[in-house]
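Architecture at a glance
So the chains spell out like this:
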Amino acid sequence: MILHDFLPSGNGYKIRLLCAYLGLKVTLKQYDITKGETHTESFLAMSPNGKIPVLELDDGQCLSESNAVLLYLAEQHKGALLPSDPILRAKVYKWLFWEQYSHEPNIASPRFWLTHNAMTDLKKQMLPDRIEQGHAALKQMEETLATETFLVGNTITLADICLFPYTHVAEEGGAYQLSKYPNIQRWIKDIEALDWFVPITQD
């Protein structure tokens with residue numbers, strides 16, 4: 001398989017984390033999204049919205065949208081990191097949907113704007129609200145992790161793989177201070193201590 005990716009991207013990192021857990025070998029093909037490298041004709045043929053990551057399967061089929069790719073890979077490997085209990089599985093799905101609506105737009109976008117010289121007047125106006133909503137998202141995670149080792153119970157699931165990437169780099173750009181969230185800090189350390197863990201900078 002080939003993972004078409006931008007190394008600093010948390011969305012691509014989700015897939016690299018899951019592949020590390022599953023022991024899957026993927027070839028990483030990198031694109032610089034700041035230079036428009038995902039808007040070429042060849043890339044748009046794989047991903048019409050011009051966004052990474054894209055997982056190119058051995059048969060040439062291409063999958064996009066990071067959480068959809070996570071579910072595909074997990075289901076291809078006997079439901080890895082997906083609880084068999086339907087209620088617990090639904091809770092994992094809840095976190096995956098929530099991440100894209102309530103977490104990623106408010107944690108990842110300010111990080112990108114502030115670290116890749118991508119700030120505009122409109123984004124400056126949007127930033128305070130994004131940060132406020134980002135803190136609300138971190139607070140929800142913090143409260144869950146006050147009583148749970150991981151986001152769904154005491155065993156790591158796809159929910160943790162999904163939420164870890166952008167959460168652990170939330171401080172980049174200066175919008176957030178994770179010292180305000182000790183349960184999240186503990187959770188981050190627990191994941192980083194796992195023997196299959198790979199950092200976001202590893203290609």
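Numbers given to residues run from 1 along each chain, matching the order in which its sequence is written. Restriction of local features to residues with pLDDT of at least 70 applies here, the model being predicted, together with a cutoff of 80 or more for giving and counting side-chain atom pairs; totals for whole chains, interfaces and linings are based on all residues. Side-chain numbers come from the whole structure's heavy atoms, not from hydrogens or water.

**Some details on the overall build of the chain**
Working definition: helices are DSSP H or I runs of at least four residues, strands are E runs of at least two. Numbering for both runs from the N terminus. When helices and strands are counted, the chain shows seven helices and four strands. What you see in the chain, going N to C, is helices and strands ordered as β-α-β-α-β-β-α-α-α-α-α. Radius of gyration means the value over C-alpha atoms here, while the globule rule gives 2.2 Å times the residue count to the 0.38 power. Computed over C-alpha atoms, the radius of gyration of the chain comes to 17 Å, within 12% of the 17 Å expected from 2.2 N^0.38 for 203 residues, which places it in the range of a compact globule. For the chain, the C-alpha atoms occupy an extent of roughly 45 × 45 × 30 Å along the three principal directions.

**Some points on unusual backbone geometry**
The omega torsion of the bond from Ile52 to Pro53 falls at 0 degrees, within 30 degrees of zero and hence cis. With phi around 55 degrees, Lys78 is a residue other than glycine that occupies positive phi space. Among the secondary structure elements, Lys78 is positioned in the loop between α3 (66-76) and α4 (86-115). Even without glycine at this site, Leu81 takes up a positive phi of about 65 degrees.

**Details of the nonpolar core**
Only buried residues count toward a nonpolar core, which is a set of Ala, Val, Leu, Ile, Met, Phe, Trp, Tyr and Cys residues joined through side-chain atoms within 4.5 Å. Burial classes: relative accessible area under 20% of the type maximum marks a residue as buried, over 50% as exposed, and values in between as partly exposed (1.4 Å probe, protein chains only). Core analysis: the largest hydrophobic core is formed by 55 residues, its most contacted members being Leu158, Ile184 and Trp187. Elements supplying a minimum of two residues to this core: α1 (10-22), α3, α4, α5 (121-145), α6 (158-168) and α7 (182-192). Should any heavy atoms of two residues lie within 4.5 Å, those residues are counted as being in contact. Discounting residues that sit within four places of it in the chain, Ile184 has contacts with Leu138, Met141, Glu142, Leu145, Thr167 and Leu178. The next biggest cluster of nonpolar side chains, apart from the first, holds six residues, and it includes Tyr31, Met46, Ile52 and Val54.

**Details of α5**
Taking 1.5 Å of rise per residue, the 25 residues of α5 would be expected to cover 36 Å, and the 36 Å separating its terminal C-alpha atoms lies within 8% of that figure. Note that the bend at a residue is defined as the angle between axes fitted to the seven residues ending at it and the seven residues starting at it. Within α5, the axis deviates most sharply at Leu127, by approximately 40 degrees, and proline Pro128 lies no more than four positions further along. Turning to α5, its buried residues are Leu127, Arg130, Ile131, Gly134, Ala137, Leu138, Met141, Glu142 and Leu145. As for α5, its buried residues are in contact with α4, α6 and α7. Multiply 1.5 Å by the residue count of a helix minus one, and that product is the helix's expected span.

**A closer look at the pairing of strand β1 (residues 2-5)**
By the bridge criterion, four bridges tie β1 to strand β2 (residues 27-30) in an arrangement that is parallel. Looking at β2, one finds that Asp5 is bridged to Gln30. Orient the strands so they point away from the viewer; a crossover is then right-handed if the path from the first strand over the helix to the second runs clockwise. Handedness of the β-α-β unit built from β1, α1 and β2 comes out right-handed. Two strands pair if DSSP finds at least two bridges between them. Pairing of β1 with strand β3 (residues 54-56) involves three bridges; the strand directions are antiparallel. Looking across to β3, one finds that Leu3 is bridged to Leu55.

**Overview of the pattern of salt bridges**
One speaks of a salt bridge when a side-chain nitrogen belonging to Lys or Arg is within 4 Å of a carboxyl oxygen belonging to Asp or Glu. Taken as a whole and assessed by the stated rule, the structure comprises five salt bridges. We note a salt bridge from Asp32 to Lys35, for which the minimum N-O separation is 4.0 Å.

**Observations regarding the side chain of Thr167**
Residue position: Thr167 is located in helix α6. Separated by 2.7 Å, the side chain of Thr167 and the backbone oxygen of Leu163 make a polar contact. If near-sequence neighbours (up to four positions away) are discounted, Thr167 is found in contact with His103, Leu138, Met141, Leu178, Ile184, Trp187 and Ile188. Side-chain atoms alone can form a polar contact between residues adjacent in sequence; in general such a contact is a pair of N or O atoms within 3.5 Å, and within protein one must be able to donate a hydrogen while the other accepts it.

**What about the sheet that holds strand β4 (residues 62-64)?**
Two pairing modes exist for strands in a sheet, parallel and antiparallel, and in both the strands are linked by backbone hydrogen bonds. The four strands are arranged β2-β1-β3-β4 in an open sheet whose pairing can be described as mixed. Every other strand in the sheet has two partners, leaving β2 and β4 as the edge strands with one partner each. The average angle at which neighbouring strand axes cross in this sheet is 20 degrees, direction not considered. All axes are obtained by fitting lines to C-alpha atoms, using only the stretch in contact for helices, and the reported angles, taken between N-to-C directions, cover 0 to 180 degrees. Docked against the sheet, α3 engages β3 and β4, running at close to 125 degrees with respect to β4.

**Some points on the layout of surface pockets**
Considered as a void within the structure, the largest pocket measures approximately 650 Å³ in volume. Looking at the lining of the largest pocket element by element, the count peaks at eight residues for α4. Three classes are used, and their members are as follows: Ala, Val, Leu, Ile, Met, Phe, Trp, Tyr, Cys and Pro are nonpolar, Asp, Glu, Lys and Arg are charged, and the others, Gly among them, are polar. The class makeup of the residues in the lining of the largest pocket is nine nonpolar, 12 polar and four charged. Looking at the second largest pocket, its volume works out to about 250 Å³. Think of a 1 Å grid over the protein atoms and nothing else: a 1.4 Å probe that fits but is trapped marks a cavity, an open set flanked by protein within 12 Å on at least five of seven lines marks a pocket, and residues with an atom within 4 Å of a point count as lining. Along its surface, the second largest pocket is lined by Leu3, Arg16, Cys19, Ala20, Leu24, Lys25, Val26, Leu28, Val198, Gln202 and Asp203. For the lining of the second largest pocket, the per-class residue count stands at seven nonpolar, one polar and three charged. Grid points are joined across faces, edges and corners, and a volume is the space filled by probe spheres set on the points.

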